[in-house]
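Fold and contact review
One-letter residues, chain by chain:
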Amino acid sequence: METQIGNIHLLSPFMNASGVYCKSKEQLIKLDNTQLVGCVVSKSCTFEPRDGNPEPIYWDDGSNLSINSSGLPNMGYKFYINKNITSQINKPYIVSVSGLTVKDNLTIIDELLKNLDISGLELNLSCPNVIGKPQIGYDFEAMDKLLYQANLLVQNRKLSDKKFNFGLKLPPYFDMSHFDIVSSIINKYEIDTITCINSLGNGLVVDPKSETVVIKPKGGFGGIGGSVVKQIALANVRRLSQLTKCDVIGCGGIKTGTDAFEHILCGAKAVQIGTQFYIEKHEVFERIYNELLDIMSEKGYKSLNDFCGKLKVIN
């Protein structure tokens, strides 16, 4: 089940979604040591350390639905690029970047690019849970300007290290015209991978017994994840894999091997697991890997390339 995402070769197509069990050094090393995790992704980092939003910030129904409003709690970007971390991660290591301003993003990227132990970055354009900060992935003009500046920095690194991977994490798009607009922006730059999708912001979960919301920040509003978002994620994977020159990483609603199969069939070269990873912990990767392997064996597929992006349409 080896695969290639941009400039990174993976022995397994499964990765953690940024935000889940990847904040501390211990969590990152445990991911690195977890069988069948192909790549380690850090918590989205800001310029300075952040505590995030007030608890409770997460709720799930144990099966299909989650809501979170973490507010980017992290150790600050310097922590995630420190030799104390990078020297102990043997698998490909991607640092997720989510500065609170354009200046912060560019400063973090510039510093990150000096570290040759890092396999790539995932510029998060899609966090719906920072109070008072809009998602830049929905502001197409601002997105274009940021990618122009970030791309200039990354290309300087690529002159010396052609294996470095420049990736984006995108919010969910719903209008067909938005797919066209986003892809036209992305295709202007040397972007290797895009991750589709981040959680759906902003949703609301109500506990009818207590007549309250289930999380505290923003009056109970937060990003929706879990199986309920899978069809939206598949649409984004499918359309953006068709319209961009990037390799797509599928994320959203992956609970079983069948879910992973559908993401890959729609065009994903690898997949990230978030809600189910939070619920099931590290054992989830081996279970879903084996379920996908069984599906491939049943269908006679010997590699991911045999079915990646080969979704059939009705004529």
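Our subject is the structure that appears above.
Our subject in this report is the structure included herewith. (Residues numbered from 1 in each chain as written. Predicted model: local features only at pLDDT ≥ 70, side-chain atom pairs only at ≥ 80, totals over all residues. Heavy atoms only, no water.)

Our focus in this paragraph is the sheet that holds strand β10 (residues 193-196). If you trace the eight strands from one edge of the open sheet to the other, you get β3-β16-β15-β10-β9-β8-β7-β4, paired in parallel fashion. In this open sheet, the two strands that pair with only one neighbour each are β3 (14-16) and β4 (40-41). As paired elements, strand β7 (residues 93-97) and strand β8 (residues 120-124) share four bridges and run parallel to each other. Residue pairing in the sheet places Ile-94 in a bridge with Gly-120 of β8. Contacting β7 and β8, helix α4 (residues 102-112) crosses the sheet at an angle of about 160° to β7. (Pairing = 2+ DSSP bridges. Helix = DSSP H or I, 4+ residues; strand = E, 2+ residues; numbered from the N terminus. Contact = heavy atoms within 4.5 Å. Axes fitted to C-alpha atoms, helices over the stretch in contact; angles between N-to-C directions.)

The contact between helix α6 (residues 176-186) and helix α7 (residues 230-243) brings their axes to 10 Å, and the two run at 45°. Taken together, the axes of α6 and α7 lie oblique to each other. Seen along the crossing, α6 lies across α7 with a hand that is right-handed. In contact with Met-176, Phe-179, Asp-180 and Ser-183 of α6, α7 contributes Ala-235, Asn-236, Arg-239, Leu-240 and Leu-243. (Parallel < 35°, antiparallel > 145°, perpendicular 65-115°, else oblique. Left-handed = near helix turned anticlockwise from the far one by under 90°.)

In an α-helix there are 3.6 residues to a turn, and that puts residues three or four apart on one side. Among the residues making up helix α1 (residues 25-33), those that are buried are Leu-28, Leu-31 and Asp-32. Along the axis of α1, the buried residues cluster in a sector spanning 100°; they form a single face. The exposed residues of α1 that point more than 90 degrees off its buried face are Glu-26 and Asn-33. (Buried < 20%, exposed > 50% of the residue type's maximum accessible area, 1.4 Å probe, protein only. Arc of directions from axis to C-beta.)

A two-sided burial pattern is seen for β10, the buried positions comprising Thr-193 and Thr-195 on one face and Ile-194 and Cys-196 on the other. As paired strands, strand β9 (residues 165-170) and β10 are joined by four bridges and run parallel to one another. Within β10, the position partnered with Lys-169 by the bridge is Thr-195. Taken together, β9, α6 and β10 constitute a β-α-β crossover, and its handedness is right-handed. Taken together, the four bridges between β10 and strand β15 (residues 247-251) define a ladder with parallel strand orientation. When the sheet's bridge partners are listed, Thr-195 is paired in β15 with Ile-249. (Right-handed = clockwise from strand over helix to strand, strands pointing away.)

The peptide bond linking Glu-55 to Pro-56 adopts the cis configuration, its omega dihedral lying at -5°. Secondary-structure assignment places Pro-56 in the loop between β4 and β5 (58-60). Cis geometry marks the peptide bond from Gly-201 to Asn-202, where omega comes out at -5°. Checked against the element boundaries, Asn-202 lands in strand β11 (residues 200-204). Look at Leu-72: it is not a glycine, yet its phi comes out positive at around 60°. Locating Leu-72 in the fold gives a position in the loop between β6 (66-68) and α2 (77-80). In this structure, Glu-211 takes a positive phi of about 60° despite not being glycine.

Quick look at the pattern of salt bridges now. Counted according to the given criterion, the structure contains twelve salt bridges. Residues Lys-83 and Asp-117 are paired through a salt bridge, measuring 2.7 Å at the closest nitrogen-oxygen approach. Of the two residues, Lys-83 is situated in helix α3 (residues 83-86) and Asp-117 in the loop between α4 and β8; the sequence distance between them amounts to 34 residues. For Asp-117, a relative accessible area of 35% corresponds to the partly exposed category. (Salt bridge = Lys/Arg side-chain N within 4 Å of Asp/Glu carboxyl O.)

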